[in-house]
Amino acid sequence: MKILFGELFGFNDYDLNRDFLRQLRRTFWIVTRHIMLLLVVLVLYLFVLFKNPQGVDIVSEVILNKRYWVWTLLALLALGISLWFCAAFLLQMKEISPDAAFKEDNQQGIQFWLDYLPGLLGLLPMIALLLKGELYRGESWGFLVILFLLLLILPLIIKSFIRRLEGTLGSVKWFDDISMEGRSLRSLLYFKGTRTIFWTFVGYSFVLFVLSLTSVETGVAILIGPFAVMIFGLSFMCAVLSLVMYYNIPGHRPALLFFGIYIAVISGWNDNSSIRTMPMKTERVPLEEDFQQWAQKLVDNRFASDTVTLGSDTLSVPIVFVATEGGGLRALFWTVLVLQKLEAEFPGLHNNIYGISGVSGGGVGATFYISYLYDQLKQRRQLDPNDPRLTDTVHSDFLSDLLASFLFQDNLQNVLPFAIKSFDRSRQLEDAWSHSFSFHTNSDTFEKGFTELYADTSFRLPRLFINGTLAESGQKTIVSYPLLRRDPVKAKNAPDVLRDEIDVLEQIGGDVPVKTAASLCSRFPYLTSGGLINEPGSQKIGHVIDGGYRENTGLETVWQLLLRLKPVMQREQRKDSTAAKQEKWVQFQPVVLFIRNSPPTAVLDSARHIPGILHELLIPVLGSGNASDRRTPSIDALTENVFKNYIDKEKKLRTCAYEVIDLDRSRTGGFKLPLGWYFSDNSFQFVQKQADYILNKKRPLSDSLSKHFKPLALWKD
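This is a predicted model, so every value here is computed, not measured.

In terms of regular secondary structure, the protein chain is built from 30 helices and nine strands. When burial is assessed residue by residue, the protein chain has 53% of its 717 residues classed as buried. A sequence separation of at least 24 residues applies to 80% of the contacts in the protein chain between residues at least 6 apart. For the protein chain, the computed accessible surface area is about 33,500 Å², with 61% contributed by carbon and sulfur atoms.

Next comes the structure, spelled out in structure tokens:
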């Protein structure tokens with residue numbers, strides 16, 4: 001057995017005894033420190049494969065969706081070859097240890113690692129994928145067989161190919177053996193095989209970079225899928241990190257440390273995260289004035305239509321505010337589906353919605369819905385709440401283009417001493433949203449100015465309030481059509497509940513594209529960058545990041561709007577002035593709808609994990625992340641109780657109604673929905689079934705909503 005084992009793996013060159021095993025232990029770090037950044041790449045791959053929820057979801061999609069098989073296998077092959085070649089190349093050029101006595105005493109151990117470590121690194125990505133349980137069930141056996149054969153046969157093919165080359169052309173030595181003595185790059189490139197692979201690898205890296213620049217326009221990233229994009233990106237990182245490791249000599253020339261210092265120094269000049277801006281074409285109206293005009297039309301419409309009294313002489317008219325919680329693509333898709341379902345069950349409901357307050361993915365979903373609604377109303381089309389084009393728009397892969405930018409041009413930006421704005425990965429995500437909307441709806445609304453959506457007052461479009469966080473101060477930022485600032489004179493007697501918030505459009509003195517407005521609530525570092533906003537004179541204000549850092553429900557902004565607009569609501573409730581309807585009185589019914597997608601508290605409690613290893617390091621991280629998750633139950637309960645128990649002392653307004661439209665994540669399928677910008681088909685189907693179920697006409701929630709949204713209480717076209 002020992003002879004067979006040695007022949008198969010080439011171990012007959014080594015004395016397999018205790019001294020050899022001790023040499024392996026003593027020399028492992030001495031050798032691997034020269035390629036430690038390649039090990040970091042491998043660890044990152046393993047983390048995405050097994051621990052990251054978004055990574056687990058995209059890997060499951062690859063295994064179950066055959067359209068990604070070929071590209072994923074090619075990407076795995078590219079990563080394996082990149083790890084092998086970069087490791088072998090670095091170890092050939094490095095002097096493994098300057099200690100001659102150490103090398104003499106541990107010659108076999110060092111040579112073993114030099115011979116086998118590069119090949120092992122090259123095979124590990126495929127071996128790790130074979131450990132995924134999804135491969136061994138369902139219809140993925142074909143992918144499993146191909147991967148298994150590739151893993152077993154490829155090394156033999158490469159080894160046989162090299163031997164044949166050297167046997168056929170005996171006068172030409174294609175490759176040099178790896179030894180403990182370092183070599184120069186020129187001496188290695190003397191060998192034809194090494195030279196061929198080296199320049200092929202350089203060309204391959206260049207092609208990947210060029211393709212990443214045009215991924216949105218060409219659709220190449222979406223074609224190959226996010227997992228393959230990530231793997232190709234990691235193979236590109238192997239080339240970049242190998243360059244750093246080449247100049248790094250542990251204990252003598254700490255190039256890695258110098259490189260880190262260089263990155264830190266030039267970061268003061270290469271910030272490319274400035275947001276897109278454009279001239280303001282639509283004059284903004286102060287919040288109270290905008291709401292007054294909106295409410296007046298609502299009241300006039302009630303009096304102009306044939307209505308039935310509620311009680312003896314009162315007409316109850318709902319004024320709706322929507323808060324939609326953050327949560328990446330999960331929140332985006334849930335928000336769009338819920339708003340579509342509500343419009344289908346209560347036609348004309350959008351006319352009674354004054355504002356939608358969105359955070360993170362919920363804000364992006366609201367932007368998609370409002371943009372679609374704008375197009376339909378602008379073109380005077382009959383609204384089709386079941387139009388599949390909007391669902392198809394958001395059922396898209398937004399992660400692949402973002403990853404392509406993150407792994408390629410944004411990494412290059414980090415080493416350049418000047419900013420290239422087109423390299424900003426957040427812009428790539430914005431373009432991916434715009435491209436998907438344009439492709440499925442044949443509309444360029446995502447490229448329009450945000451305030452242009454409200455230029456035409458002949459139709460009623462809910463106002464968007466997009467909530468972000470200013471990283472430098474912790475203040476909430478809001479992108480909205482109405483001006484948020486209040487008259488300083490009036491604010492003396494009634495303190496402004498929005499006084500600490502930043503009105504982004506006012507601060508920058510201009511407008512932003514719709515796609516940029518959507519990103520100003522969903523920039524979650526480090527996957528996306530913070531958006532730098534500047535005053536008109538180029539004075540920097542700060543970086544806008546994900547609104548969930550401050551408050552993830554959107555309910556806080558709804559509270560602020562209700563408090564600011566309460567006097568206007570009281571003032572605009574009035575009797576009909578016409579002779580025929582002297583006794584008719586319109587009374588507003590404020591209704592807050594909370595579109596929630598976070599797990600219930602019981603699920604969060606069951607998922608609690610007490611850190612053991614590295615607890616001092618992990619506790620602050622866990623505290624920050626989990627505290628954010630627990631804000632939703634608190635503010636949700638607070639909102640419900642205040643609205644139910646608070647009664648207007650003057651009885652000029654009806655008690656505010658509060659309804660929660662909840663994505664049920666108590667089951668395993670719901671709890672595992674990833675937080676990111678890609679959903680597998682299984683995840684999409686789960687959310688879609690939830691929307692169909694929870695808003696079914698036979699469900700209690702539908703009955704509860706019907707009390708507020710009776711057809712006669714809504715806008716009559």
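Moving on, there is more to tell.
Let's shift gears to the packing of helix α3 (residues 36-50) against helix α4 (residues 53-64). One can describe the packing of α3 onto α4 by two numbers: an axis separation of 5 Å at closest approach and a directional angle of 75°. The orientation of α3 relative to α4 falls into the category roughly perpendicular. Counted together, Val48, Leu49 and Phe50 of α3 and Gly55, Val56 and Val59 of α4 form the full contact between these two elements. The residue inventory of the contact of α3 with α4, partitioned by class, reads five nonpolar, one polar and no charged.

Taken as a whole and assessed by the stated rule, the structure comprises two cavities of 30 Å³ or more. Empty space within the largest cavity amounts to approximately 60 Å³. Lining the largest cavity, in full, are Gln340, Glu343, Tyr369, Tyr372, Leu373, Leu383, Asp384, Pro385 and Leu390. Residue assignment for the lining of the largest cavity shows that the elements contributing at least two residues are α16 (328-345) and α17 (360-378). A per-element tally of the lining of the largest cavity places α17 first, with three residues. In this model, the second largest cavity occupies a volume close to 40 Å³. As for the second largest cavity, its lining consists of Leu339, Leu342, Glu343, Leu349, His350, Ile353 and Tyr369.

What follows is about the side chain of threonine 27. Mapped onto the fold, threonine 27 is located in helix α2 (residues 18-32). According to the relative accessible area criterion, threonine 27 is buried, its value standing at 0%. If we skip the residues at most four places from it in the chain, threonine 27 touches Phe102, Asn106, Gly109, Ile110 and Trp113.

Calculation criteria
- Residues numbered from 1 in each chain as written.
- Predicted model: local features only at pLDDT ≥ 70, side-chain atom pairs only at ≥ 80, totals over all residues.
- Heavy atoms only, no water.
- Helix = DSSP H or I, 4+ residues; strand = E, 2+ residues; numbered from the N terminus.
- Buried < 20%, exposed > 50% of the residue type's maximum accessible area, 1.4 Å probe, protein only.
- Contact = heavy atoms within 4.5 Å.
- Areas by Shrake-Rupley, 256 points an atom, 1.4 Å probe, with all protein chains shown as cover.
- Axes fitted to C-alpha atoms, helices over the stretch in contact; angles between N-to-C directions.
- Parallel < 35°, antiparallel > 145°, perpendicular 65-115°, else oblique.
- Nonpolar A, V, L, I, M, F, W, Y, C, P; charged D, E, K, R; others polar.
- 1 Å grid on protein atoms, 1.4 Å probe; cavity = no way out; pocket = protein on both sides within 12 Å on 5 of 7 lines; lining within 4 Å.
- Points joined across faces, edges and corners; volume = space filled by probe spheres on them.

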